[in-house]
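Overview (structure and organization)
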Amino acid sequence: AAELKHGRSAMIATVGYAFHKFGWTLDNISPHEYLSVTEGIKFADLAAMTPLDAMRSVPAEGWTQMFCAIALVELYELTHKDGKWAMDEGGVAPGLRPGGLTGDLGWNPLSIAITERRRLSELQNGRAAMFAICAWVAADAVQGSVPLNLPW
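In this report, we go over the structure that sits alongside the text.

Reading the values: rules and limits
Residues numbered from 1 in each chain as written. Predicted model: local features only at pLDDT ≥ 70, side-chain atom pairs only at ≥ 80, totals over all residues. Heavy atoms only, no water. Helix = DSSP H or I, 4+ residues; strand = E, 2+ residues; numbered from the N terminus. Rg over C-alpha atoms; globule rule 2.2 N^0.38 Å. Buried < 20%, exposed > 50% of the residue type's maximum accessible area, 1.4 Å probe, protein only. Contact = heavy atoms within 4.5 Å. Phe/Tyr/Trp six-rings, centres within 6.5 Å; stacked < 30°, edge-to-face > 60°. Expected span 1.5 Å × (residues − 1). 1 Å grid on protein atoms, 1.4 Å probe; cavity = no way out; pocket = protein on both sides within 12 Å on 5 of 7 lines; lining within 4 Å. Points joined across faces, edges and corners; volume = space filled by probe spheres on them. Nonpolar A, V, L, I, M, F, W, Y, C, P; charged D, E, K, R; others polar.

**Structural notes on the overall build of the chain**
When you go through the chain residue by residue, the secondary structure sums to 6 helices and 4 strands. When the helices and strands of the chain are placed in sequence order, the string is α-α-β-β-α-α-α-β-β-α. Computed over its C-alpha atoms, the radius of gyration of the chain comes to 19 Å, more than 25% above the 15 Å expected for a compact globule of 152 residues. Taken along the three principal axes of its C-alpha coordinates, the chain extends 55 × 40 × 30 Å. Taking all 152 residues of the chain together, the buried fraction comes to 20%. At a minimum sequence separation of 6, the contacts of the chain that also span at least 24 residues come to 53%.

**Section: the side chain of Thr79**
Looking at where Thr79 falls in the secondary structure, it is placed in helix 5 (residues 60-79). Its relative accessible area of 15% is what places Thr79 among the buried residues. Beyond its immediate chain neighbours, meaning those up to four positions away, Thr79 contacts Lys84, Trp85, Ala86 and Pro94.

**Here's the deal with the packing of aromatic side chains**
Counted under the stated rule, the structure contains 3 aromatic pairs. Seen from their ring centres, Tyr17 and Trp136 are 5.5 Å apart, and the 20° between their planes marks the pair as stacked. Residue Tyr17 is found in helix 1 (residues 2-21), and its partner Trp136 is found in helix 6 (residues 116-141); the two are separated by 119 residues along the sequence. Taken as a pair, Tyr17 and Trp136 share a single burial class, namely buried. In this structure an aromatic cluster arises from ring pairing among Phe19, Phe22 and Trp24.

**Some thoughts on helix 5**
For helix 5, which comprises 20 residues, the first-to-last C-alpha distance of 28 Å matches the rise-based estimate of 28 Å (1.5 Å per residue) to within 8%. Here helix 5 has its buried residues at Gly62, Glu77 and Thr79. Residues of helix 5 that are buried in the fold lie against helix 1, strand 3 (80-81) and strand 4 (84-85).

**Digging into the layout of surface pockets**
Here the second largest pocket is characterised by a volume of approximately 310 Å³. Every residue lining the second largest pocket is counted, 15 residues in all, and those nearest its centre are His80, Lys81, Asp82, Thr102 and Asp104. Secondary structure elements with two or more residues in the lining of the second largest pocket: helix 5 and strand 3. Within the lining of the second largest pocket, the residues separate by chemical class into 4 nonpolar, 6 polar and 5 charged.

Here it is as structure tokens:
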């Protein structure tokens with residue numbers, strides 16, 4: 001389950017990083033001008049930065065909101081099974097039992113058939129995304145860490 005979750009996170013991060021590098025940022029699509037009015041941070045300011053600098057510019061309140069949203073998803077997976085609240089007599093959450101955390105939240109709005117081939121593809125794409133996001137972050141954070149001169 002951990003590899004699946006990390007792979008999904010890495011796939012989202014890779015897409016977000018690529019969007020930022022290609023200039024497809026929120027200042028172009030958001031109806032709001034500011035990320036944080038109180039801190040005076042505009043979406044256009046973040047778009048002019050590298051993705052790592054933009055992440056560093058997000059105020060503490062933004063990080064708190066992201067942490068809380070992720071925590072809600074994790075707590076839901078810990079306490080629910082098949083979309084329903086599930087606690088046994090001993091008060092042990094389903095996610096804390098052996099094999100309890102599967103990474104499957106039961107959300108499939110398109111009713112796509114989940115086959116073993118799809119599961120394997122998701123794992124493999126997640127592994128590739130983990131390598132990709134690590135390489136992109138290393139290339140931005142440490143000059144010369146990636147020997148190829150990439151166009152982005």
